[in-house]
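Secondary and tertiary structure notes
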Amino acid sequence: MDAPHETGGAPLAGALHRTGVTIREAGPDDAVAGVSPRWVALPENTGEVAALMRVSAEHDLAVTPVGGGTRLHWGPPPERCDLLIDTCCLNQVLEHASGDLVVRVQAGLTMDSLAETLAAEGQELSLDVPLDGATVGGVLATAVAGPRRFRHGTARDLLIGVTVVLADGTTAKSGGKVVKNVAGYDLGKLFTGSYGTLGVITEAAFRLHPIPDDRRWIIAELPAPGTPGTGAVRGDGRPDAPERPGSPPGLDVLAAELAASQAEPSAIEVDWPDARGGPVVAVLVEGTAADARARAVRDLMAGHGTARITAGPPGWWGTLPGEDVLLEVRVPPSRAGGALRAIMARGLPAHVRGSLATAALQVTLPPDVGGSAFAEFVSRVRDDLGRLGGGLTVLTAPQELADRVDRWGPVGALPLLRRVKERFDPGRRMSPGRSVGGI
Amino acid sequence: MGTKTPDGLVRRLLESLDHRAVITDPVRLRTYECDGLTHHRATPGVVVLPETAEQIAAVVRVCNEYGVPFVARGAGTGLSGGALPRTDGVLIVTSRMRRILSVDVADRRAVVEPGVTNLAITEAVRDLGYYYAPDPSSQQVCTIGGNVAENSGGAHCLKYGFTVNHVLALEIVTPDGDIVELSNTDPGYDLLGAFVGSEGTLGIATKITVRLTRAPETVTTLLAAFDGIEQGGQAVSAIIGGGIVPAAIEMMDALAIEAAEAAVACAYPEGAGAVLIVELDGPVPEVTHQFDEVTRICRENGAFELRVAADPAERAAIWKGRKSAFAAVGRISPAYIVQDGVVPRTALPEVLASIDRLSREYGIRVANVFHAGDGNLHPLVLFDDAEAGAGERAELVSGKILDLCVEHGGSITGEHGVGVDKSRYMPKMFSDNDLDTMQLVRCAFDPRGLSNPGKVFPTPRLCGEVPGVRKGVHPLVESGQAEQF
Ligand SMILES: Cc1cc2nc3c(=O)[nH]c(=O)nc-3n(C[C@H](O)[C@@H](O)[C@H](O)COP(=O)(O)OP(=O)(O)OC[C@H]3O[C@@H](n4cnc5c(N)ncnc54)[C@H](O)[C@@H]3O)c2cc1C
Ligand SMILES: Cc1cc2nc3c(=O)[nH]c(=O)nc-3n(C[C@H](O)[C@H](O)[C@H](O)COP(=O)(O)OP(=O)(O)OC[C@H]3O[C@@H](n4cnc5c(N)ncnc54)[C@H](O)[C@@H]3O)c2cc1C
């Protein structure tokens, strides 16, 4: 076998071109978290991806899949990257069986064009549409979910079939196009959250739902924490300290009441931009009689702040609180308030947003927060969250910050994750180093 | 002791288990020789009844020491032979692990041991206004560990999803005897999701954290009687097409109704060629609206009688016939095969017509009971085991029904699993590459192939102890076993 880097680009480029797939030389804009690939390939179907992967296997090329490229920089830089497989041209709806409420698509299809296609038949994939340009494959690979996760679950809950291409060029599928199916292992689940480290997702099938008749948001601004008037968080606010009366935001109680409400909200979100102010809680009800149900939710929230009903979402709905530094926090649902307090009490200008009901929250800090302040924040918050039964992951941060911390914290299943990676990608050529524990 | 297990194995097991927890008496061993798929039988080498995860881990480590396979067993209600023991192995039964460890309504979750029955969870939280949503018909006896292994469903899974959507975390004993937590909040590959539905081949679940679901504000159950399956099917299409996702939508054909009538006197409307059970739940205004729609649709599609349950007792009466359907066919047939296949819902009329043709062609009666909303068929293939050749013909019809499912883009199993029963059908749905790739997961978890071997996959993959750095072509291609195109 050729040692690729010594033989130079020409024979290699030739081999890539012979696949018949459109190949171009990579430019500076193609860098993956600072690592520049040599080529970019634009396959149009699963077979072309497989052909590329076989050539990559023969020539020991490291490969990174890219969807919309909206969050390609999330995660550590790959140990190496020769070929970018850009899924932009894998953008077809393969089958929309509207009578079966099922859709099968190529993984490079953007979530917004998928939504558009489905809406024409009055249907939707009950996931929130992410940033413009984000693809089906990217949503699966990053496993990021929006507000409606509370009622509908995340991408893995609606995914019913998947086709993937492995590092050695093997094409494999699991599941199918029926909503109920327990034949064989569920590779779709495995590839959820894989950040391109197991293979390339080329096709996916999802269960759909009818678009709800109507939607209403109920938005409440909660008072700032601390003594009324001072507007300050107590610096020593212990996360597990019981909430004092008058010590806003009574978030745990409110979250529990909302989650248990017979108005059946689809989402219960919180946005807390600044510890000096109070959090905003926004609730979505969808479906029949949305108005009546929204009023029930408003009455429930009235005790906690001024609540109003709107026909559209607040501006921040379904977006992450920041760009450069993003942490994800998970705790058991009843501890969401405790987690928020733990974060806001750390004295850094943190902005938190996310699902209050599932207690999956994203936190952003200013990029110039400083390495030691960042490291201290991560470690202290992780300790607090650990006591609450949760944890923290660094989704993205400038290299100089990320280098100071363990991005993922302790993950009990890491040895198993490693073994899965070793089996799927023994040559470490799929986005090596980009996921948990550097797998 | 079991004749086929190695000398010394039992002694080693007794180091971590009480002697009452290790069964070697041949008579007692035989009570474990099959699950709900009774025509596959094997007497286990040894049966153990552990009480803790540590004991299971110890047993699994002993199995590793001797290179002996092990099989987990819950209540043994599985219908695909998943818990079929190995004569040369250890059967690990979870019947002594029946504690509900915690119930936390504020977090909407409960933590339970694997031997807890499905229904016991709901019973423990019902008074708090919650329940555990997946509801297999066997819920009074089947265990949550078995549910996890099979990714079990039930009538209400149309709206609420399957076991995999309701399990938040697992403690497992890996096939090499480590105790590991898998959680849905862990970053990285969704191993929790991959474990659920793996039929005991990736290890043993020893602690299960399940999601509790808020009991709906209101529930309405309605029974609609039609002249035939066709009209019932059209009603189902119109309901789903109209944007309604009922909690459950179940259908039975004339033969299934006859059986249920004979068994439990469910008093379904006389002369019905098909009955449809539709259950709606949720906020009152939503259910009221949907109820009007559903009744209108049923009438428009020819329902000649509609019954609405006014209270829980009447609801139970409506469900009684459906829930007893499997056992009930015993009243109208000496023997039967319970089949489980899935088709895209819109293909139901065509597939049912084909099943009818098969039935007439082979002279084998088929009673149809199904989860109509998601196209999950449970044809009950009836035969007389005293009649020469009838069993074979029934098997043939049963297999051809699966062919129909696959031809229509469906699945060979919607909820009963592959087990030993259907591993030979896996190649109809999946290519060698698909199956080999799935087995990479198996090799990652269980490189020695000790955890429930011989299930799910038609041909086991040799894992190789340490995966080497592989370059170039896939070894299976090289050896001519697989094609990569
Ligand atoms: C509701 C919602 C709201 C969001 N809001 C924001 C926001 O406000 N701000 C923000 O910063 N982010 C946001 N995100 C996150 C973000 O947009 C991504 O998660 C996005 O889905 C990535 O899609 P992409 O196609 O751009 O992927 P890329 O950025 O191209 O890739 C992301 C990762 O996935 C891998 N990958 C991509 N395609 C494949 C494939 N086919 N097979 C295997 N691996 C693949 C890549 O290698 C890479 O590791 C949001 C996400 C959601 C779901
Ligand atoms: C009358 C009847 C009705 C049924 N209705 C339904 C239905 O509506 N929906 C449905 O989905 N199924 C149904 N089933 C099938 C069966 O009840 C389910 O598959 C159930 O989940 C099996 O649970 P069990 O405890 O009996 O498991 P077992 O039969 O003991 O085992 C099943 C599989 O799980 C494995 N296993 C058991 N415990 C564990 C563990 N702790 N960790 C890892 N693996 C384990 C076993 O090795 C085996 O492979 C029905 C069965 C009957 C007899």
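Identification of chain B as Glycolate oxidase from Streptosporangium canum is taken from an unreviewed UniProt entry.

An unreviewed UniProt entry annotates chain A as Glycolate oxidase FAD binding subunit originating from Streptosporangium canum.

Quick look at the environment of B:Gln290 now. Residues and elements named next belong to chain B. Turning to its location among the elements, Gln 290 is positioned in helix H10 (residues 284-300). Taking the C-alpha atoms as reference points, Gln 290 and Tyr 160, 130 residues apart in sequence, are found 17 Å from one another. Every residue in contact with Gln 290, bar those within four places of it in the chain, is listed here: Ile 244 and Leu 280.

Below, the discussion takes up the site of ligand 2. All names here are of chain B. Inspection of the region around ligand 2 gives 32 residues, with Ala 72, Gly 74, Thr 77, Ser 138 and Thr 143 positioned closest. Separating an oxygen atom of ligand 2 from a backbone N or O atom of Ala 72 is a distance of 2.6 Å. The separation between a nitrogen atom of ligand 2 and a polar main-chain atom of Gly 153 is 2.9 Å. Starting from 980 Å² of accessible surface for ligand 2 in isolation, the protein chains cover 93%.

Under the counting rule described, the total for this entry stands at one disulfide over all chains. The disulfide that involves B:Cys443 links it to B:Cys463, with 2.0 Å between the sulfurs. Its torsion about the S-S bond being -80°, the disulfide of B:Cys443 and B:Cys463 is classed as left-handed. Remark: B:Cys463 occurs in the loop between helix H16 (432-445) and helix H17 (475-478) and B:Cys443 occurs in helix H16; sequence separation between them is 20 residues. Each member of the pair, B:Cys443 as well as B:Cys463, is classed as buried. Residue A:Cys88 stays outside any disulfide, its sulfur separated by 3.5 Å from that of A:Cys89, the closest cysteine.

Located in the positive-phi region is A:Asp60, a residue other than glycine, with phi close to 55°. For A:Asp60, the position within the fold is in the loop between helix H3 (46-58) and strand S3 (63-66). Positive phi outside glycine occurs at B:Asn452, with the angle close to 50°. Relative to the helices and strands, B:Asn452 resides in the loop between H16 and H17.

Residue and element names in this part refer to chain A. Near ligand 1 you find 34 residues, and of these Pro 65, Thr 70, Arg 71, Thr 135 and Leu 320 are the closest. Within the backbone of Gly 67, a nitrogen or oxygen atom sits 2.7 Å from an oxygen atom of ligand 1. Here an oxygen atom of ligand 1 sits 2.3 Å away from a polar atom, N or O, in the side chain of Arg 71. The protein chains hide 99% of the 970 Å² of surface that ligand 1 would expose on its own. Sorting the residues of the shell around ligand 1 by element identifies S3, helix H5 (136-142) and strand S10 (199-207) as the ones contributing at least two each. Top element by residues in the shell around ligand 1 is H5. It accounts for five residues. Here the shell around ligand 1 is composed, by residue class, of 15 nonpolar, 15 polar and four charged. Two domains share the shell around ligand 1, each providing at least three of its residues, namely domain 1 (3-88 + 422-438) and domain 2 (91-210).

This part is about the side chain of A:Thr46. All names here are of chain A. Within the fold, Thr 46 resides in helix H3. Judged by its relative accessible area of 11%, Thr 46 falls in the buried class. A polar contact of 3.0 Å, which involves the side chain of Thr 46, links it to the side chain of Glu 203. Thr 46 has contacts with Leu 90, Thr 163, Val 165, Thr 171, Thr 202 and Glu 203, leaving out every residue within four places of it along the chain.

Right, let's talk about the nonpolar core for a bit. A:Leu190, A:Phe424, B:Leu170, B:Leu191 and B:Leu276 are the most contacted members of the largest nonpolar core, which has 125 residues in total. It is helix H14 (residues 390-407) of chain B that contributes the most residues to this core, seven residues altogether. Discounting residues that sit within four places of it in the chain, B:Leu276 has contacts with B:Leu222, B:Leu223, B:Ala224, B:Phe226, B:Gly232, B:Ala235, B:Val236, B:Ile249, B:Glu250, B:Met251 and B:Cys298. Among the nonpolar cores identified, the runner-up in size contains 52 residues, and A:Val270, A:Ala357, A:Leu361 and A:Ala375 belong to it.

It is worth spelling out the interface of chain B and chain A at this point. Listed as interface residues are 93 residues of chain B and, on the opposing side, 73 residues of chain A. In total, about 6,800 Å² of surface goes out of reach between chain B and chain A, with carbon and sulfur atoms giving 58% of it. In this structure, the connection of chain B to chain A is made through five salt bridges. For the salt bridge of A:Arg293 with B:Glu286, the shortest nitrogen-to-oxygen distance reads 3.3 Å. Connecting chain B to chain A are 26 residue pairs in polar contact (both at pLDDT 80 or more). For the side of chain B that touches chain A, the elements supplying multiple residues, two or more each, are helix H6 (157-160), strand S9 (179-183), helix H7 (191-195), H10, helix H15 (426-429) and H16 of chain B. Looking at the side of chain B that touches chain A element by element, the count peaks at 10 residues for H16(B).

Turning our eyes to something else, we now look at the confidence of the model for chain B. In regions of low pLDDT, the predicted coordinates are not meant to be interpreted in detail. Residue and element names in this part refer to chain B. Looking at chain B, the pLDDT average stands at 93 and 95% of residues meet or exceed 70. Note that pLDDT drops below 50 for residues 466-485; the model gives that stretch 33 contacts with residues more than four away or on any other chain. With pTM at 0.94, the complex prediction returns an ipTM value of 0.93.

Glancing now at the sheet that holds strand S4 (residues 90-93) of chain B. Residues and elements named next belong to chain B. Strand order in the open sheet formed by four strands is S1-S2-S4-S3, and the pairing between neighbours is mixed. One side of each edge strand has no neighbouring strand; the edge strands of this open sheet are strand S1 (22-23) and strand S3 (70-73). The sheet strands contacting helix H1 (residues 9-16) are S1, strand S2 (46-48) and S4, and the helix crosses S2 at an angle near 5°. Packing of helix H3 (residues 53-66) onto the sheet brings it into contact with S2, S3 and S4, and relative to S4 it is tilted by some 170°.

This paragraph deals with the sheet that holds strand S8 (residues 159-166) of chain A. The sheet built from five strands is open, its strands ordered S5-S6-S10-S8-S9 (chain A) with antiparallel pairing. What marks the edges here is a single partner per strand, and that holds for strand S5 (93-97) and strand S9 (171-175) of chain A. Each adjacent strand pair in this sheet contributes to an overall mean axis angle of 10°, direction not counted. As paired strands, S8(A) and S10(A) are joined by seven bridges and run antiparallel to one another. By the bridge assignment for S10(A), A:Leu166 is matched with A:Gly199. Running over the sheet, H16(B) touches S8 and S9 of chain A and is turned about 80° from S9(A).

In terms of domain boundaries, chain B breaks down into domain 1 (9-93), domain 2 (100-214), domain 3 (216-331) and domain 4 (333-412). Computed over C-alpha atoms only, the centres of domain 1 of chain B and domain 4 of chain B are separated by 33 Å.

The rules we used
Residues numbered from 1 in each chain as written. Chains lettered and ligands numbered in written order. Predicted model: local features only at pLDDT ≥ 70, side-chain atom pairs only at ≥ 80, totals over all residues. Heavy atoms only, no water. Helix = DSSP H or I, 4+ residues; strand = E, 2+ residues; numbered from the N terminus. Contact = heavy atoms within 4.5 Å. Near = heavy atom within 4 Å. Polar contact = N/O pair within 3.5 Å; in protein donor to acceptor, adjacent residues only side chain to side chain. Areas by Shrake-Rupley, 256 points an atom, 1.4 Å probe, with all protein chains shown as cover. Disulfide = S-S within 2.5 Å. Buried < 20%, exposed > 50% of the residue type's maximum accessible area, 1.4 Å probe, protein only. Nonpolar A, V, L, I, M, F, W, Y, C, P; charged D, E, K, R; others polar. Domains from an automatic or database assignment. Core = buried A, V, L, I, M, F, W, Y, C linked by side-chain atoms within 4.5 Å. Buried area = accessible area lost by both parts, 1.4 Å probe. Salt bridge = Lys/Arg side-chain N within 4 Å of Asp/Glu carboxyl O. pLDDT = per-residue confidence, 0-100. Pairing = 2+ DSSP bridges. Axes fitted to C-alpha atoms, helices over the stretch in contact; angles between N-to-C directions.

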